[in-house]
Amino acid sequence: MTAIASTDRAFAEQEIVDVQLVLAADVSLSMSYEELRIQRDGYVAALTHESVIQAIEDGAYGKIALAMFEWAGDESHYLVVPWTVIASRADAEAVAVLIGQQNTNSARRTSISGALDFAGDLFAESSYRGLRRVVDISGDGPNNQGSPVAEARDRLVAQGIIVNGLPLMTNGGMSTVFDVPDLDEYYSYCVTGGPGSFVIPVNDWGQFPEAVRRKLVLELAGPWSPTWQSYAERAPVVQVANDEAYDCLIGEKRWMNRSWNWPNP
């Protein structure tokens with residue numbers, strides 16, 4: 001069997017799902033223990049919410065493949081949920097249990113680019129074929145390690161992968177000179193990309209569960225879905241505007257000019 005024939009066979013044998021979704025959650029040291037707990041609980045609650053279950057069932061195949069990992073520095077990636085099919089409430093509850101029972105391991109630095117590259121590797125290793133492939137990445141600061149974030153984003157978009165953002169603008173953890181006040185714009189210009197990509201900022205941790213829920217519904221269902229329509233009609237999300245006028249290296253520049261008296265997020 002030729003290599004091409006073998007590749008074609010492997011492609012044909014992949015299970016088809018409506019969406020392949022990678023959840024990438026920031027666990028850098030700038031996140032407090034309480035914020036990490038709220039983040040975990042928010043994902044657990046969202047995945048088992050009726051609207052998210054309905055969004056999955058509204059798909060053409062009625063199922064998605066989901067993977068989740070936590071990230072910090074360029075080589076700090078912890079796989080929380082390997083690729084798993086969710087086609088029912090029972091499936092979603094099993095994934096939620098898996099997320100909730102694991103400990104979160106914080107680490108130094110913030111490498112959004114490393115997280116996006118890791119997500120790309122997950123797609124490459126997947127045995128599923130999604131009608132859409134989406135990375136859902138949360139974070140509370142700009143990239144300060146690894147390759148430039150816009151380049152990592154562009155590598156995924158070139159493969160037809162959509163990157164959506166959940167910037168955490170809560171200021172509840174460790175505040176440092178590495179923070180940027182317009183993190184939502186940073187995510188819009190530098191992190192997210194692909195057709196229909198969007199950003200949902202979180203300005204208060206009380207907003208987090210609803211933000212995650214809304215984001216999942218918009219990612220998993222389409223405009224034909226009544227569930228999608230009900231969530232799309234709410235407060236508008238920040239549409240992606242990839243404009244080279246924004247300095248996407250702001251995180252790296254702040255890190256290089258850092259004061260040694262500041263902690264390392």
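Conventions we followed
Residues numbered from 1 in each chain as written. Predicted model: local features only at pLDDT ≥ 70, side-chain atom pairs only at ≥ 80, totals over all residues. Heavy atoms only, no water. Disulfide = S-S within 2.5 Å. Helix = DSSP H or I, 4+ residues; strand = E, 2+ residues; numbered from the N terminus. Core = buried A, V, L, I, M, F, W, Y, C linked by side-chain atoms within 4.5 Å. Buried < 20%, exposed > 50% of the residue type's maximum accessible area, 1.4 Å probe, protein only. Contact = heavy atoms within 4.5 Å. Expected span 1.5 Å × (residues − 1). Salt bridge = Lys/Arg side-chain N within 4 Å of Asp/Glu carboxyl O. Polar contact = N/O pair within 3.5 Å; in protein donor to acceptor, adjacent residues only side chain to side chain. Pairing = 2+ DSSP bridges. Right-handed = clockwise from strand over helix to strand, strands pointing away.

Caption draft 1: Up close: the state of the cysteines. Summed over the entire model, instances satisfying the criterion amount to one disulfide. There is a disulfide in this structure between Cys-190 and Cys-248, and the S-S distance comes to 2.1 Å. Taking the sign of the torsion about the S-S bond as the criterion, the disulfide between Cys-190 and Cys-248, at about -85°, is left-handed. Residue Cys-190 is found in helix 7 (residues 183–191), and its partner Cys-248 is found in the loop between strand 7 (238–239) and helix 10 (250–256); the two are separated by 58 residues along the sequence.

Caption draft 2: Up close: the nonpolar core. Leu-66, Met-68, Leu-166, Phe-208, Leu-216 and Leu-220 are the most contacted members of the largest nonpolar core, which has 41 residues in total. Sorting the residues of this core by element identifies strand 1 (15–26), helix 2 (33–47), helix 3 (50–57), strand 2 (64–71), strand 3 (77–86), helix 4 (89–100), strand 5 (161–167) and helix 8 (208–220) as the ones contributing at least two each. The dominant element in this core, judged by the number of residues it contributes, is helix 8, at seven residues. Ignoring sequence-local partners within four residues, the contact set of Met-68 consists of Leu-23, Ala-25, Tyr-43, Tyr-78, Leu-79, Val-80, Val-81 and Ile-99. Within the second largest apolar cluster, 34 residues are counted, among which are Ile-112, Ile-137, Val-191 and Tyr-246.

Caption draft 3: How the structure looks around the environment of Gln-39. When you line up the elements, Gln-39 lands in helix 2. Here the alpha-carbon distance between Gln-39 and Asp-26, two residues 13 residues apart in the chain, equals 9.1 Å. If we ignore the near neighbours within four places in the chain, the residues touching Gln-39 are Ala-25, Asp-26, Val-27, Met-31, Ser-138, Leu-168, Trp-205 and Phe-208.

Caption draft 4: Representation of helix 8. With 13 residues, helix 8 should cover 18 Å at 1.5 Å per step; its first-to-last C-alpha distance of 18 Å lies within 8% of that length. Burial within helix 8 is extensive, with eleven of its 13 residues counted as buried. Residues of helix 8 that are buried include every one of Phe-208, Ala-211, Val-212, Arg-213, Arg-214, Lys-215, Leu-216, Val-217, Leu-218, Glu-219 and Leu-220, and no others.

Caption draft 5: How the structure looks around the pattern of salt bridges. Applying the stated criterion across every chain yields a total of twelve salt bridges. One salt bridge connects Lys-253 with Asp-247, and the closest N-O pair in it is separated by 2.9 Å. Judged by relative accessible area, Asp-247 falls into the partly exposed class, the value being 33%.

Caption draft 6: Up close: the side chain of Thr-192. Tracing the sequence through the fold places Thr-192 in the loop between helix 7 and strand 6 (198–199). By relative accessible area, which is 0% here, Thr-192 ends up buried. For Thr-192, the side chain forms a polar contact with the main-chain oxygen of Tyr-187, separated by 2.9 Å.

Caption draft 7: A look at the pairing of strand 5. With seven of seven residues buried, strand 5 lies mostly within the body of the structure. Residue alternation in strand 5 divides its side chains into two sets, Ile-161, Val-163, Gly-165 and Pro-167 and Ile-162, Asn-164 and Leu-166, and both sets are buried. Relative to strand 5, strand 4 (residues 128–139) runs parallel, the two being bridged by seven bridges. Residue pairing for strand 5: Val-135 is matched across the bridge by Val-163. Where the polypeptide runs from strand 4 across helix 6 (residues 149–157) and back to strand 5, its parallel neighbour, the crossover connection is right-handed.

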